[in-house]
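Here is how the chains run, residue by residue.
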Amino acid sequence: MARGRFISLEGGEGVGKSTQLAALAQALEGRGLEVVVTREPGGSPGAEAIRKLLLEGEDGRWTLRAEALLFAAARADHIAKTIRPALAEGKWVLSDRFLDSSLAYQGEAGGLGFEAIRDLHRFGSEDFLPDRTLVLRLEGGEGARRAASRDADGADRIGGRPPSYHALVDAGFAKSAEADPDRVRLIDAAGNEATVTARLLYALGDLLP
Ligand code: TMP
């Protein structure tokens, strides 16, 4: 049996990631693929428990380094318990966020740097990478504005950080794409839903059976 493919969907706050995740899963299923949709932080019982530690409570609950370690620990469990087994069964795995979120949020915006985050990933997960990473992007802080109106009743610990942090997150995703252009593709998230989904599918063209 052919090994499945592992695709991660990334983006800053408010870029329409959840809607596109569902639409992309449906489009892949429409092509006869068996798709497992998962998310980070989370995606396995252990990693979901870590998710609560990461996203609830005060912004200062964890130091930046502890936060990066918790994301890396959750990811190691998610890969071992959910992602690798599904791929071995020939399924396609679609993850709402993965390593590039740690590179962008903790590495670039948090200031720990890409190398430190990659080191944690090498140790925790043997540097296991997606076959393709699709990063949804909106120009000029539009995503952050949408997220602010959506989350008026309170964002999570990390989503609620200031605009300056989220601008750096965006720069971090661009840096990921620059460093690894074959794996990481920036996708324009402007326009109607179907148009954006078509852009995502196009960026997977060479992987589709
Ligand atoms: P979500 O809003 O997509 O559910 O993601 C939860 C939050 O966690 C979001 O603000 C991004 C953040 N995050 C990181 O800071 N680093 C990571 O490695 C991951 C996976 C998410």
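What comes next is a walk through the structure. Each residue is numbered by its place in its chain's sequence as written, counting from 1. Selection of residues for local features in this predicted model requires a pLDDT of at least 70, selection of side-chain atom pairs for listing and counting requires 80 or more, and totals for whole chains, interfaces and linings are taken over all residues. Just so you know, side-chain values use all the structure's heavy atoms and leave hydrogens and water out.

## Section: the overall build of the protein chain
Next up, step 1: Assigned secondary structure in the protein chain consists of eight helices and five strands.
Next up, step 2: Working definition: helices are DSSP H or I runs of at least four residues, strands are E runs of at least two. Numbering for both runs from the N terminus. Secondary structure elements of the protein chain occur, N-terminal to C-terminal, as β-α-β-α-α-β-α-α-β-α-α-β-α.
Next up, step 3: Against the compact-globule benchmark of 17 Å for 209 residues, the protein chain has a radius of gyration of 16 Å, which places it among compact chains.
Next up, step 4: Its C-alpha atoms give the protein chain principal-axis dimensions of roughly 45 × 40 × 30 Å.
Next up, step 5: Burial classes: relative accessible area under 20% of the type maximum marks a residue as buried, over 50% as exposed, and values in between as partly exposed (1.4 Å probe, protein chains only). Split into buried and exposed, the 209 residues of the protein chain put 48% on the buried side.
Next up, step 6: Only heavy atoms enter the contact rule, under which two residues are in contact if any of them lie within 4.5 Å. Across the protein chain, the fraction of contacts at a sequence separation of at least 24, relative to all contacts at a separation of at least 6, is 78%.
Next up, step 7: Charge counting follows a simple rule: Lys and Arg are positive, Asp and Glu are negative, and His as well as the terminal groups are ignored. Taken as the charge location is NZ of Lys, CZ of Arg, CG of Asp or CD of Glu. Distance from the positive charge centre (27 side chains) to the negative charge centre (32 side chains) of the protein chain: 1 Å. C-alpha atoms define the radius of gyration in this analysis, and the globule rule sets the expected value at 2.2 Å times the number of residues to the power 0.38.

## Focus: the packing of aromatic side chains
Next up, step 1: Only rings of Phe, Tyr and Trp enter the pairing, Trp through its six-membered ring, and a pair is recorded when the two centres are within 6.5 Å. The plane angle decides the type: under 30 degrees is stacked, over 60 is edge-to-face, the rest tilted. Scanning all chains against the criterion turns up four aromatic pairs.
Next up, step 2: Geometrically, the ring pair formed by Phe-6 and Phe-128 is stacked, given 5.7 Å between the ring centres and 20° between the ring planes. Pair noted here: Phe-6 is in strand β1 (residues 6–11) and Phe-128 is in the loop between α5 (114–125) and β4 (132–137), with a separation of 122 residues, a long-range link.
Next up, step 3: Residue class for Phe-128 comes out buried when judged on its relative accessible area of 9%.

## So, the site of the ligand
Next up, step 1: Any residue with a non-hydrogen atom lying within 4 Å of a molecule or strand is treated as near it. Within the structure, the ligand sits among 16 residues, and Glu-13, Arg-75, Arg-97, Ser-102 and Gln-106 are positioned closest to it.
Next up, step 2: Pairing of N or O atoms within 3.5 Å defines a polar contact, subject to two protein rules: one partner must be a possible hydrogen donor and the other a possible acceptor, and residues neighboring in sequence count only if both atoms are side-chain atoms. At 2.7 Å from an oxygen atom of the ligand is found a side-chain nitrogen or oxygen belonging to Arg-97.
Next up, step 3: At 2.9 Å from an oxygen atom of the ligand is found a side-chain nitrogen or oxygen belonging to Gln-106.
Next up, step 4: The Shrake-Rupley method, run with a 1.4 Å probe sphere, supplies the accessible areas, and residue values consider only the shown protein chains as cover. Notes on the ligand: free accessible area 480 Å², of which the protein chains cover 91%.
Next up, step 5: The set of elements that each furnish at least two residues to the shell around the ligand consists of α2 (45–55), α3 (64–88) and α4 (99–109).

## Some details on the packing of helix α1 (residues 17–30) against helix α8 (residues 193–202)
Next up, step 1: Direction vectors running N to C along α1 and α8 enclose 60°, while the axes themselves pass 10 Å from each other. Looking at the two axes, α1 sits oblique to α8. As α1 packs across α8, the resulting crossing turns out to be right-handed. Contacts from Thr-19, Gln-20, Ala-23, Leu-24, Ala-27 and Leu-28 in α1 reach Glu-193, Val-196, Thr-197, Leu-200 and Leu-201 in α8. In this analysis an axis means a line fitted to C-alpha atoms, helices contributing only their contacting stretch, and an angle means the value between N-to-C directions, from 0 to 180 degrees. In these notes the angle categories are as follows: under 35 degrees is roughly parallel, over 145 is roughly antiparallel, 65 to 115 is roughly perpendicular, and the rest is oblique. Crossing handedness follows the turn of the near helix against the far one: under a right angle anticlockwise gives a left-handed crossing, and clockwise gives a right-handed one.

## Description of α5
Residue pairs three or four apart in sequence face the same way in an α-helix, which turns once every 3.6 residues.
Next up, step 1: A rise of 1.5 Å per residue sets the reference length of α5, with its twelve residues, at 16 Å; its end C-alpha atoms lie 16 Å apart and thus fit the reference within 8%.
Next up, step 2: When we look at burial in α5, the residues that qualify are Phe-114, Ile-117, Arg-118, His-121 and Ser-125. Taken around the axis of α5, the buried residues stretch over an arc of 100°, which confines them to a single face. Of the residues in α5, the exposed ones pointing more than 90 degrees away from the buried face are Glu-115 and Phe-123.
Next up, step 3: On its buried side, α5 packs onto α3, α4 and α7 (163–179).
Next up, step 4: Two residues or fewer past α5, Glu-126 is found with a positive phi of approximately 50°. Multiplying 1.5 Å by the helix residue count minus one yields the expected span of that helix. Directions are taken from the helix axis to each C-beta atom, and the arc is the one they span.

Keep in mind that these numbers describe shape and distance, not what the molecule does.
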